[in-house]
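A closer look at the structure
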Amino acid sequence: NCSGSAYVFIKPATGWIDVTEAAKLTASDAAADHEFGTSVSISGETAVVGAYLQDGVGMNTGAAYVFKMPEGGWVNANENARLTASDAATDDRLG
């Protein structure tokens, strides 16, 4: 089983037909079956990627990972934060 990933694509001036992958985002604590990439939200230069089966304090507590585009573009993006619930419990499935 794979650990999952999310991909960033940027629309070129010539349109989506000429698009290429700008970055592949992965979790710092990636593990099989965490479902990283099942949910994704992006706003401007910030992307949040969910992993609802991530095992934090219990099985399947879930997490969300924040990526911010650095000055060099998405290709150099690294995880900026891992978000978890303060009251996380088994099978909460955050993210």
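Above this text is the structure in question.
Right, let's walk through the structure included here. These figures come from a predicted structure and were not determined experimentally.

**Digging into the packing of aromatic side chains**
Applying the stated rule across the entire model yields 2 aromatic pairs. Here the aromatic rings of Phe36 and Tyr65 are separated by 5.4 Å at their centres, their planes lie at 70°, and the arrangement is edge-to-face. Of this pair, Phe36 sits in the loop between β2 (21–25) and β3 (39–43) while Tyr65 sits in strand β5 (residues 63–68), and the two are 29 residues apart along the sequence. Judged by centre distance (6.4 Å) and plane angle (75°), the rings of Phe36 and Phe67 are edge-to-face.

**A closer look at unusual backbone geometry**
At Glu35, a residue that is not glycine, the phi angle is positive and equals roughly 65°. Along the polypeptide, Glu35 turns up in the loop between β2 and β3.

**So, the pairing of β3**
With 0 of 5 residues buried, β3 is to be regarded as a mostly surface element. As consecutive antiparallel partners, β3 and strand β4 (residues 46–51) are separated by 2 residues, and within that stretch Gly44 has a phi angle of approximately 60°, a positive value.

**Comments concerning the pattern of salt bridges**
With the rule as written, the count across this model stands at 2 salt bridges. Across the pair Asp29 and Arg82 runs a salt bridge whose closest N-O atoms are separated by 3.5 Å. Separated by 53 residues along the polypeptide, Asp29 in the loop between β2 and β3 and Arg82 in strand β6 (residues 79–83) bring together distant segments of the chain. By relative accessible area, Asp29 is classed as partly exposed at 25%. A salt bridge links Glu45 to Lys68; the shortest N-O distance between them is 3.8 Å. Of this pair, Glu45 sits in the loop between β3 and β4 while Lys68 sits in strand β5, and the two are 23 residues apart along the sequence. Accessibility expressed as a relative area gives 40% for Glu45, which makes it partly exposed. What makes Lys68 partly exposed here is its relative accessible area of 42%.

**Details of the nonpolar core**
If you look at soluble globular proteins, the nonpolar side chains tend to sit buried side by side. Ranked by size, the top nonpolar core spans 14 residues in total, and within it Leu25, Phe36, Val49, Tyr65, Phe67 and Trp74 carry the most contacts. Breaking this core down by element, the ones donating at least two residues are β1 (6–9), β2, β4 and β5. Excluding anything up to four places from it in sequence, Trp74 contacts Val8, Ile10, Ala22, Ala23, Leu25, Ile42, Glu45, Thr46, Ala47, Phe67, Lys68 and Met69.

**Structural notes on the environment of Met69**
Of note, Met69 is situated in the loop between β5 and β6. Sequence spacing of Met69 and Glu79 is 10 residues, and the spatial spacing of their C-alpha atoms is 9.7 Å. Contacts of Met69, omitting those with residues within four sequence positions, involve Glu45 and Trp74.

Calculation rules
- Chains are numbered independently. Their residues run from 1 in the order of the written sequence.
- Only residues with pLDDT of 70 or above have their local features reported here, since the model is predicted, and side-chain atom pairs are shown and tallied only from 80 upward, although totals for entire chains, interfaces and linings are computed over all residues.
- For the side-chain quantities, the full set of heavy atoms in the structure was used; hydrogens and water were omitted.
- Between rings of Phe, Tyr and Trp, where Trp is taken as its six-membered ring, a pair exists when centres lie within 6.5 Å; planes separated by under 30 degrees are stacked, by over 60 edge-to-face, and by other angles tilted.
- By the criteria applied, helices consist of DSSP H or I runs no shorter than four residues and strands consist of E runs no shorter than two, each listed in order from the N terminus.
- The cut-offs for exposure are 20% and 50% of the maximum accessible area for each residue type, with area from a 1.4 Å probe on protein chains only; residues under the lower value are buried, those over the upper are exposed, and the others partly exposed.
- When DSSP locates at least two bridges between a pair of strands, those strands are taken to pair.
- Salt bridges are defined by distance alone: a side-chain nitrogen of Lys or Arg within 4 Å of a carboxyl oxygen of Asp or Glu.
- Nonpolar core, defined: a set of buried Ala, Val, Leu, Ile, Met, Phe, Trp, Tyr and Cys residues in which side-chain atoms within 4.5 Å join the residues together.
- Whether two residues are in contact is decided by their heavy atoms: any pair within 4.5 Å suffices.

Nothing here speaks to function; it is geometry throughout.
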